[in-house]
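These are the residues of each chain, in order.
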Amino acid sequence: MTRGSGPIWQSLLCLAVVAMVAWGCASTAPPAAPPSTPVVTGPPPPEVFESPDFIVVIPKTPETSASLAAKYLGDAAKAWMIEEFTGAGTFAPGQQAVIPRKAWNPAGVTASGYRLVPILVYHNLDAQPKGKLVQSAASFDAQMRYLKTEGYHTLTLAEFLDFTRLNRQLPRKSVVLTFDDGYKSFKQYAYPVLKELGFTATLFVYTDYVGAGRNALSWADIKALQAEGFDIQAHSKTHGDLRRAPGESTAQFDQRMHAELAQPRELFKRQLGQAPDTIAYPYGRWDNDVLRQVKATGYVAAFTVRRQGNPAFVSPLTIHRSHIYADMSLEDFAKNLTLFQEEDLR
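Here is what the cut-offs are and how they apply
Residues numbered from 1 in each chain as written. Predicted model: local features only at pLDDT ≥ 70, side-chain atom pairs only at ≥ 80, totals over all residues. Heavy atoms only, no water. Helix = DSSP H or I, 4+ residues; strand = E, 2+ residues; numbered from the N terminus. Expected span 1.5 Å × (residues − 1). Bend = angle between axes of the 7 residues up to and from the residue. Buried < 20%, exposed > 50% of the residue type's maximum accessible area, 1.4 Å probe, protein only. Core = buried A, V, L, I, M, F, W, Y, C linked by side-chain atoms within 4.5 Å. Contact = heavy atoms within 4.5 Å. Axes fitted to C-alpha atoms, helices over the stretch in contact; angles between N-to-C directions. Parallel < 35°, antiparallel > 145°, perpendicular 65-115°, else oblique. Left-handed = near helix turned anticlockwise from the far one by under 90°. Nonpolar A, V, L, I, M, F, W, Y, C, P; charged D, E, K, R; others polar. Pairing = 2+ DSSP bridges. Salt bridge = Lys/Arg side-chain N within 4 Å of Asp/Glu carboxyl O.

What to know about helix α8 (residues 250-272)
Its 23 residues place the ends of α8 32 Å apart at the C-alpha level, agreeing with the 33 Å of an ideal helix rising 1.5 Å per residue. In the structure, α8 departs most strongly from a straight axis at Ala262, where the bend amounts to approximately 35° and where the proline Pro264 lies between one and four residues downstream. All of the buried residues in α8 are Phe253, Met257, Ala259, Glu260, Leu261, Ala262, Pro264, Leu267, Phe268 and Leu272. Positive backbone phi, at 85°, marks Gly273, one or two positions downstream of α8.

Pasting the structure below:
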């Protein structure tokens, strides 16, 4: 959707005209009150004009996007909607502020390209890095603080999937954080930083690893993290390559897929009270036979490992994730945060 056309923009134009006329009238000095009339103290109320799609506010005192979002949208965290629509975060007295009540471009598609959502995948954390998959706690901390400083919003998988169904508009700087396998180091190193910064994350765990030693999360650990708001999803039963092995018969493949895909859903339901509806492919590997099995088992989304962001129209069973390796610098990390794909769509 481009600005300047459509019923939403017509509604906004009408509101803007009404607001300007009203402000012009309001700027004319009213007649002086008789001496007997009590003088009202305090700031005058703002001029407010509403339609089903927008609220136009002309404040009489300084406002911010957060204060306007709290007053008119019921949530200061929705300040990004005002900022992205108007391009402003502060509003002086008399400066018109347009507050969208609903999504105006949920697909994130414009004439010059389309929005991308990066999904990052981590594995193990430790005090010191080890190889490519065990990242240092200090490096992880620096990456999370970079996201916070740069104004990124972390999404739940449900929010991201709503975006792919065109049911939700996302902040321009949105990112999904995922952690694979089910390492106990998540509790020690990732959890405190994420909670401090107000970030959320999804853990993809393979059920054979749960409680399988001192380095693995237990079901009690996972329940506690779920209660804290972290999303827990499937990563198969054994973490084996799901693709059909050479010489594997159809019956053998079907039986193995039941174990790898269906049994984790049953175990999740017993342990956590609900079955997972998304899965991360072990090693990011899949083929068309695996896709059919995943869909038939009841998963609505599945995640690969491919270093690129996701548009709203990404295929739900092959969603991309970018691997964050232990030897990445902060500059290398930032290269995984591409938010827009330029493309002439006119």
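Okay, back to it.
A closer look at the nonpolar core
Ranked by size, the top nonpolar core spans 36 residues in total, and within it Phe140, Met144, Leu147, Leu177, Phe179, Leu194 and Leu203 carry the most contacts. Put simply, the parts of the chain that give this core at least two residues each are β8 (119-122), α4 (137-149), β12 (174-181), α6 (185-197), β13 (202-205), α7 (219-227) and α8. Among the elements that make up this core, the one with the highest residue count is α6 (six residues). Setting aside residues no more than four positions away along its own chain, Phe179 makes contact with Tyr122, His123, Phe140, Phe186, Ala190, Leu194, Ala201, Thr202, Leu203 and Phe204. Leu68, Ala79, Trp80 and Ile99 belong to the second largest nonpolar core, which has 20 residues in total.

Quick notes on the packing of α8 against helix α9 (residues 288-297)
Where α8 meets α9, the axes come as close as 10 Å, and the angle between the chain directions of the two elements is 45°. Between α8 and α9, the interaxial angle falls into the category oblique. Considering only the axes of α8 and α9, their crossing is right-handed. Counted together, Phe253, Asp254, Met257, Leu261, Ala262 and Arg265 of α8 and Asp289, Val290, Gln293, Val294 and Thr297 of α9 form the full contact between these two elements. Residue classes in the contact of α8 with α9 are distributed as six nonpolar, two polar and three charged.

Observations regarding unusual backbone geometry
What you tend to see is this: most non-glycine residues have negative phi, and most peptide bonds are trans. Here Ser236, not a glycine, exhibits a phi torsion of approximately 85°, which is positive. Structurally, Ser236 can be placed in the loop between β14 (231-234) and α8. The exposure class of Ser236 is buried, given its relative accessible area of 0%. In this structure, Tyr283 takes a positive phi of about 65° despite not being glycine. Note that Tyr283 resides in the loop between β15 (278-280) and α9.

Some points on the sheet that holds strand β1 (residues 47-50)
In a beta sheet, neighbouring strands pair by backbone hydrogen bonds and run either parallel or antiparallel. Reading across the sheet, the three strands line up as β1-β2-β5 and stay open at both edges, with antiparallel pairing between neighbours. Strands with a single pairing partner mark the edges of an open sheet, and in this sheet they are β1 and β5 (97-100). Ignoring which end each strand starts from, the neighbouring axes of this sheet average 20° apart. Bridge count for strand β2 (residues 54-58) against β5 is four bridges, and the pairing is antiparallel. From the neighbouring strand, Val56 faces β5, where its bridge partner is Val98. Sitting on the sheet, helix α3 (residues 79-86) is in contact with β2 and β5, with an inclination near 120° to β5.

What to know about the environment of Ala326
Tracing the sequence through the fold places Ala326 in the loop between β17 (322-323) and α10 (330-334). Distance in space between the C-alpha atoms of Ala326 and Asn124 is 9.4 Å, their sequence separation being 202 residues. Ignoring sequence-local partners within four residues, the contact set of Ala326 consists of Pro129, Gly131, Lys132, Val134 and Gln135.

Some details on the pairing of β1
Here β1 pairs with β2 via four bridges, running antiparallel. Within β2, the position partnered with Glu50 by the bridge is Ile55. Between β1 and β2, which follow one another and run antiparallel, lie three residues.

Remarks on the environment of His258
Relative to the helices and strands, His258 resides in helix α8. Its relative accessible area of 42% is what places His258 among the partly exposed residues. Remark: the alpha-carbon pair of His258 and Lys237, spanning 21 residues in sequence, is separated by 9.7 Å. Contact partners of His258, with chain neighbours within four places excluded, come to Gln263 and Glu266.

Digging into the pattern of salt bridges
In the structure shown here, the tally under the stated rule is 22 salt bridges. Of the charged contacts in the structure, one is a salt bridge between Asp162 and Arg165, with a shortest N-O distance of 4.0 Å. When the shortest N-O distance is used, the salt bridge between Asp221 and Lys187 registers 3.1 Å. Taken together, the residues span a long stretch of sequence, with Asp221 in helix α7 and Lys187 in helix α6 at a distance of 34 residues. What makes Lys187 partly exposed here is its relative accessible area of 36%. Taken together, the shared-partner salt bridges connect Asp141, Arg145 and Glu196 into one network.

Regarding the pairing of β8
Consecutive side chains of a regular strand alternate in pointing toward one face of the sheet and then the other. Of the two faces of β8, the one holding Ile119 and Val121 and the one holding Leu120 and Tyr122 are both buried throughout. Across four bridges, β8 lies against β12 in parallel orientation. From the neighbouring strand, Leu120 faces β12, where its bridge partner is Leu177. Bridge count for β8 against β17 is two bridges, and the pairing is parallel. If you follow Val121 over to β17, its bridge partner there is His323.

By themselves, these figures tell us nothing about what the structure is for.
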